[in-house]
Number of protein chains: 2
Amino acid sequence: MNSEKVVIIGGVAAGTKAAAKAMRENPDLDIVVLTKDRHVSYAGCGLPYYIGDVIKEEKELLVKRPKDFRADFGIEVITDIEATKIMPGEKTVLAKDLNTGEEKSYVYDKLVLATGASPFIPPVAGTKLGNVITVRTVNEATAVKKLLVERNVEDAVVVGGGMIGLEVAENLSQRGIWTTVVELAPHILPTHDVDIALNVQNYLAEKGVNVITGTAVKSFEDNGHGYVAAVSTDNGFLKADLVVLSVGVRPNVDLARDCGITLGPTGAVAVNDKMETNIDDIYAVGDCAENVNLITGRTVWYPMGSTANKTGRVAGINMAGAAAEDSMKGVLGTSILKLFSLNIAKTGLSERDARSLGYKVETVLVPAPDRAHYYPGSRQIVTKLIVDRDSHRVLGGQIFGEGVVDKPIDILVTAISFGATVDQLAKLDLSYAPPYSTALSTTAVAANVMMNKLAGKFTGVGPLELKEKMEAGAVLVDVTTDKEYMVRNIPGSVNIPLRRLLERSGELDRKKEIILYCKVGLRSYLALLKLKRLGFEKVSILEGGLAAYPFETE
Amino acid sequence: MNSEKVVIIGGVAAGTKAAAKAMRENPDLDIVVLTKDRHVSYAGCGLPYYIGDVIKEEKELLVKRPKDFRADFGIEVITDIEATKIMPGEKTVLAKDLNTGEEKSYVYDKLVLATGASPFIPPVAGTKLGNVITVRTVNEATAVKKLLVERNVEDAVVVGGGMIGLEVAENLSQRGIWTTVVELAPHILPTHDVDIALNVQNYLAEKGVNVITGTAVKSFEDNGHGYVAAVSTDNGFLKADLVVLSVGVRPNVDLARDCGITLGPTGAVAVNDKMETNIDDIYAVGDCAENVNLITGRTVWYPMGSTANKTGRVAGINMAGAAAEDSMKGVLGTSILKLFSLNIAKTGLSERDARSLGYKVETVLVPAPDRAHYYPGSRQIVTKLIVDRDSHRVLGGQIFGEGVVDKPIDILVTAISFGATVDQLAKLDLSYAPPYSTALSTTAVAANVMMNKLAGKFTGVGPLELKEKMEAGAVLVDVTTDKEYMVRNIPGSVNIPLRRLLERSGELDRKKEIILYCKVGLRSYLALLKLKRLGFEKVSILEGGLAAYPFETE
């Protein structure tokens, strides 16, 4: 019997996962992985940390070497070879050996496209100068690392304030390099909501990373020797002896398009839930393939390493022709990143996305400690919940803080995957002991605040609306103690400590809108109840209190 | 209008939560909290850490003082008063002032029982000796702490190897006291499965905590001055100048029973999902009330701080007569504890419970790193999944290791709450970046192993069955490298490294059962596939590999 032939184009996460899983499912397969890279199966998400020397050696990033695939799985991995054409009629892939230039052809019974994505290079002058780089492969990262040691890099500019750009900026900054992030959008982390992103910007500024938003790069300037010397922006020049381009990635779809494989609305390869393309026996996995958003059912493109692994596995099982089938129902666009000691995570729809999709959106911004306040290491996190007002269904969440955020975001991921309502979220029997959580978890606290809001027990004013409201005559009242007020308060506020509110309520003008705040929101809620009981009608709370307030304080 | 009167008996977590929530819902209420303790609203779960000096000061444990309740919420808290009788006909509670002996009476419109639970005192001689103590209240913990400083405690015996007993043992051991845990059951952590508990026992032994199981305490011996000197057990004497009794708690239900409130099958107060007892206008919350197990729908009693907070809140909302109602559908018996650097968590049904309830149980034991293996701080955890073979529904999980376990247990909690199948568990779009997770989370890895097992791709042998199988003639094959084998292996095993398995397979007797193991299970799975391809029929894998093997290794 002739073995069935599987050809896989691409050898990072999804391609090698598909190969290994298919072989485990059906050891009779004859599997070849073709990659134009020198490395396979490397940890792409670890590259920023490798640059930052958190990870010292290149080899730590290499999960498996080509020879390991042969020895452990009986899979042939061919590096330095570029697939140039797919001929579905002949079930053949043409490829060029990058060392010899020789053209080769590979016949397949099943073909897997795992061609990944490539950095987008902005169409401005100077992107080919020395020290203007992208960081997508191990080779590129090793080149940067060498450069940091051999050349005296003092000023780096990272173009693009998305997650990878910020991770790179953090790691460069940690190495003592003066680092500026330039972002075209009005705020960094463009997929996050602005109230969250502004808090992250403040944090980065505190840590000495220069963040410039709403700014377009016009060109990169030559130092006279073919290397970059400065970045020209529409807000002036920035000195730079290193420029990292991180303005996003585009799916590598040329091979697919050229052979008649359908691309979807996002520009990536259209696939069904078995990771099959429109052409028989051709699968697409990882960053070159589209995804479905579990909440909206819409086609999206989230090029994430975790999804790459899952899609590779699904294709591996299905193409092995095993009795068991596997499928990929969708994803939530979950992300997480660490910047210095700050953790930032997101899942599901942002407030902005949810509104633009027509949901009746309610949000809360709830600070709370990540573990028992008296247990050493307790740190605050801020949870933003985005909920559909009609169904109470949780649509998304964003969490940031120096405390643990990966746990609560994964609770939200799981809950949202099952269509949870906020009522259900509040009652989860989550694990509690003082080293790990508060008795009522941050998730439950945020859900309870949302329940109160949905029940009309209070109205909130978001930090972004505050200035406008105050200009329209609203009175901002800080209900913390006078000592706390001395330490930090919002300009323009008056201080009436909660415990003196009843006796001093006469100082407040009942005709004006009164906005209350404290540190995290509990005291302002109690103050709101007191004022309402006194007959005040226009009272609201500053969402997230001082803890989530992203503007200047005194 | 007369205010509606609420009387709450008990002032720790559930009672104060019910009071505060009811008042926020309806500020017109007239709420009195009666407690026989001196403290209210304290962090009961923090007491072991207070004893261990991880938490230095008593005041850190006190969330709120009685006067805070008056000032912040307008709630009257009366301490040092013991409720002695409930008269539902008269809607009156009688109580005794513990300082003056005076009898008082309180009329209520709504009554909340939050009487908690008390340590069970084993019926043996000597429990009233000096330095034989329980640790349930701040007063008790402060007394122990004083005693540790003032008397030279060298040898402590903790009677009871449940979670609180072990936490206390850890904290005493951390203070340099030679600590022995005596447990009557065959293993510590009696609610956990034995394969998990034995690993914890090994870990404690490594850390210098003496654990004796299957042993009954017969009496406590007097040192001649009214203090304990030794513990007499059915396995001999243990020197002890401090004994901590931690053999479980019993719900405080005398008041309830005496006035005709129905107790449930567990002995705690029977309540509906609104936390109402059988008598109108009387609620029961926290440790004195029963719960429902979300998976089985059966009545259970899980006295946990996290549940106490939730039930208090539910009662608070319902009795405030607000338009909004709240209910408590059930819990999963989730628990977590930290012992030195080891984290141990559990949710849902144990394997033992699931089997005794008649489920067709499948389990896996899967070690995996908690974050990218190359990221600093990456540590291993072992996940045990318990699944119903017919429906693939996840019934429970237990996770232990020096890595993060609270996150994956809370993912399981959330998934199980929504009736997740293991197939769904494998596809969750959990957050991934190298500092937080591996690309395929430990949850997905464990779920995938379970999927393979359910699909019949391998059979596993649990660590507990291994010895028996070997005695019956099974051959145990270690497929790690010869260097790894030198470092650690299971007595009686032979070493055939995975990469030499094909050439050396002739050494194996095809008629015998062959059990393969490696460190975590991947290589043994690959070896199984190879041997099956060679026609071996009786091949299985040691579940959890060396990482979860709880017996002696060489």
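Residues numbered from 1 in each chain as written. Chains lettered and ligands numbered in written order. Predicted model: local features only at pLDDT ≥ 70, side-chain atom pairs only at ≥ 80, totals over all residues. Heavy atoms only, no water.

### Digging into the overall build of chain A
Per the secondary structure count, chain A includes 17 helices and 30 strands. The C-alpha radius of gyration of chain A comes to 27 Å, within 12% of the 24 Å expected for a compact globule of 554 residues. In terms of its C-alpha atoms, chain A occupies a principal-axis envelope of roughly 90 × 60 × 40 Å. Long-range contacts, defined as pairs at least 24 residues apart, comprise 63% of the intrachain contacts of chain A with a sequence gap of at least 6. Of the roughly 21300 Å² that chain A leaves accessible, carbon and sulfur atoms contribute 49%. When the 63 positive and 68 negative side-chain charges of chain A are each reduced to one mean point, those points stand 6 Å apart. (Helix = DSSP H or I, 4+ residues; strand = E, 2+ residues; numbered from the N terminus. Rg over C-alpha atoms; globule rule 2.2 N^0.38 Å. Contact = heavy atoms within 4.5 Å. Areas by Shrake-Rupley, 256 points an atom, 1.4 Å probe, with all protein chains shown as cover. Lys, Arg positive; Asp, Glu negative; His and termini not counted. Charge placed at Lys NZ, Arg CZ, Asp CG, Glu CD.)

### Details of the sheet that holds strand β4 (residues 81-87) of chain A
All names here are of chain A. Spatial strand order, β4-β5-β6: three strands in an open sheet with antiparallel pairing. What marks the edges here is a single partner per strand, and that holds for β4 and β6 (103-107). For this sheet, the mean inter-axis angle between neighbouring strands, taken without regard to orientation, is 30°. When strand β5 (residues 92-97) meets β6, the two strands line up antiparallel, connected through five bridges. Note on β6: the bridge partner recorded for K96 is E103. (Pairing = 2+ DSSP bridges. Axes fitted to C-alpha atoms, helices over the stretch in contact; angles between N-to-C directions.)

### Brief notes about the interface of chain A and chain B
Taken together, the contact pairs 78 residues of chain A with 78 residues of chain B. A buried area of about 7100 Å², summed over both sides, lies between chain A and chain B, and 59% of it is on carbon and sulfur atoms. The largest per-residue losses of area from chain A upon contact with chain B belong to F418(A), D429(A) and Y436(A), which jointly make up 11% of the total buried on that side. Taken together, chain A and chain B are joined by 14 salt bridges. In this structure, the salt-bridge partner of D72(B) is R499(A), at a minimum N-O distance of 2.9 Å. The tally of links from chain A across to chain B stands at 36 residue pairs in polar contact (both at pLDDT 80 or more). Take the side of chain A that touches chain B: its biggest share by element is nine residues, from helix α11 (residues 406-417) of chain A. Broken down by class, the residue content of the side of chain A that touches chain B amounts to 41 nonpolar, 16 polar and 21 charged. (Buried area = accessible area lost by both parts, 1.4 Å probe. Salt bridge = Lys/Arg side-chain N within 4 Å of Asp/Glu carboxyl O. Polar contact = N/O pair within 3.5 Å; in protein donor to acceptor, adjacent residues only side chain to side chain. Nonpolar A, V, L, I, M, F, W, Y, C, P; charged D, E, K, R; others polar.)

### Thoughts on helix α13 (residues 442-454) of chain B
Across its 13 residues, α13(B) extends 18 Å between first and last C-alpha, which sits within 8% of the 18 Å expected from 1.5 Å per residue. Following α13(B) by one or two positions, G456(B) has its phi on the positive side, about 75°. (Expected span 1.5 Å × (residues − 1).)

### Observations regarding the sheet that holds strand β6 (residues 103-107) of chain B
Residue and element names in this part refer to chain B. Pairing in this open sheet of three strands is antiparallel, and the strands run β4-β5-β6 from one edge to the other. Among the strands making up the open sheet, the edge pair consists of β4 (81-87) and β6. Averaged over all adjacent pairs, the angle separating strand axes in this sheet is 30°, with direction ignored. Across six bridges, the pairing between β4 and strand β5 (residues 92-97) is antiparallel. Looking across to β5, one finds that E82 is bridged to K96.

### So, the environment of R488(B)
Residues and elements named next belong to chain B. Tracing the backbone shows R488 in the loop between α15 (482-487) and β28 (494-495). Each C-alpha atom, one on R488 and one on E554, is 5.4 Å from the other, the two residues being 66 residues apart in sequence. For R488, the residues in contact, after removing those within four places along its chain, are D478, L546, Y549, T553 and E554.

### Brief notes about the relation of the copies chain A and chain B
In the superposition of chain A on chain B (RMSD 0.0 Å, axial shift 0.0 Å), the rotation amounts to 180°. On the angle and the small slide along the axis, the relation comes out as a two-fold axis. Closest approach to the rotation axis among the C-alpha atoms of chain A is made by K407(A), whose C-alpha sits 2.3 Å away. A high fraction, 100%, of the interface residues of chain A reappear at the interface in chain B, so the copies pair face to face through one surface. (Least-squares fit on C-alpha atoms with pLDDT ≥ 70 in both.)

### Here we look at the confidence of the model for chain A
Residue-level pLDDT values for chain A average 95, and 99% of them are 70 or greater. Reported for the predicted complex are a pTM of 0.97 and an ipTM of 0.96. (pLDDT = per-residue confidence, 0-100.)

### Points about the environment of T553(B)
Residues and elements named next belong to chain B. Position of T553 among the secondary structure elements: in the segment after β30 (539-542). Sequence separation of T553 and M87 is 466 residues, and the distance between their C-alpha atoms is 63 Å. Contacts of T553, omitting those with residues within four sequence positions, involve R488, N489, I490, P491 and L546. A distance of 2.9 Å separates a polar atom in the side chain of T553 from a polar atom in the side chain of R488.

### Looking at the packing of aromatic side chains
One pass over the structure, following the stated rule, counts nine aromatic pairs over all chains. Aromatic pair Y375(A) and Y49(B): ring centres 5.2 Å apart, planes at 90°, arrangement edge-to-face. With Y375(A) in the loop between β23 (361-369) and β24 (380-388) and Y49(B) in helix α2 (residues 47-51), the pair connects residues from two separate chains. The class for Y375(A) is buried, based on a relative accessible area of 10%. Note on Y49(B): relative accessible area 0%, which makes it buried. For the ring pair F418(A) and F418(B), a centre distance of 6.0 Å and an interplane angle of 0° mean the geometry is stacked. Within this pair, whereas F418(A) is found in the loop between α11 and α12 (422-426), its partner F418(B) is found in the loop between α11 (406-417) and α12 (422-426), the two belonging to separate chains. Between the NZ or CZ atom of R151(A) and the centre of the ring of Y227(A), over which it lies, the distance is 4.0 Å. (Phe/Tyr/Trp six-rings, centres within 6.5 Å; stacked < 30°, edge-to-face > 60°. Buried < 20%, exposed > 50% of the residue type's maximum accessible area, 1.4 Å probe, protein only. Lys NZ or Arg CZ within 6 Å of the ring centre and 35° of its normal.)

### Here's the deal with the pairing of strand β15 (residues 236-239) of chain A
Residues and elements named next belong to chain A. Sheet analysis places strand β14 (residues 228-233) next to β15, joined by four bridges and oriented antiparallel. Counted as the bridge partner of V231 is L238 from β15. Linking β14 to β15, which pair antiparallel, is a turn of two residues.

### Examining unusual backbone geometry
Residues and elements named next belong to chain B. Not every positive phi belongs to a glycine, and S41 is a case in point at roughly 50°. Here S41 lies in the loop between β2 (30-34) and α2. Of note, the phi angle at H392 is positive, near 65°, even though the residue is not glycine. With respect to the secondary-structure elements, H392 resides in the loop between β24 (380-388) and β25 (394-401). H392 sits in the partly exposed class, given a relative accessible area of 22%.

### Details of the packing of α11(A) against α11(B)
Each pair of packed helices can be described by the angle between their axes along with the distance between the axes. Packing of α11(A) against α11(B) leaves a shortest axis separation of 9 Å and a crossing angle of 20°. The pairing of α11(A) with α11(B) is recorded here as roughly parallel in orientation. The hand of the α11(A)/α11(B) crossing is right-handed. Here α11(A) contributes D406(A), K407(A), D410(A), I411(A), T414(A) and A415(A) to the contact with α11(B), which in turn contributes D406(B), K407(B), D410(B), I411(B), T414(B) and A415(B). The class makeup of the residues in the contact of α11(A) with α11(B) is four nonpolar, two polar and six charged. (Parallel < 35°, antiparallel > 145°, perpendicular 65-115°, else oblique. Left-handed = near helix turned anticlockwise from the far one by under 90°.)

### Comments concerning helix α5 (residues 138-150) of chain A
All names here are of chain A. Relative to the 18 Å expected for 13 residues at 1.5 Å per residue, α5 spans 18 Å between its end C-alpha atoms, a close match to the ideal helical length. For α5, the complete set of buried residues consists of V138, A141, V144, K145, L147 and L148. On the buried face of α5, the contacting elements are α2 (47-51), α3 (58-61), β9 (132-133), α6 (163-174) and β16 (242-245).

### Structural notes on the pattern of salt bridges
Residues and elements named next belong to chain A. In this structure the tally under the stated criterion is 74 salt bridges over all chains. Between K5 and D30 there is a salt bridge; the shortest N-O distance is 3.4 Å. Taken together, the residues K5 in strand β1 (residues 5-9) and D30 in strand β2 (residues 30-34) connect sequence positions 25 residues apart. Accessibility expressed as a relative area gives 30% for D30, which makes it partly exposed. Across the pair K274 and E325 runs a salt bridge whose closest N-O atoms are separated by 3.7 Å. On the criterion of sequence distance, the pair formed by K274 in the loop between α8 (254-258) and β18 (282-284) and E325 in the loop between α9 (305-319) and β21 (335-339) is long-range, its members being 51 residues apart. Here K274 falls in the partly exposed class, since its relative accessible area comes to 23%. On the accessibility criterion, E325 (59% relative accessible area) is exposed.

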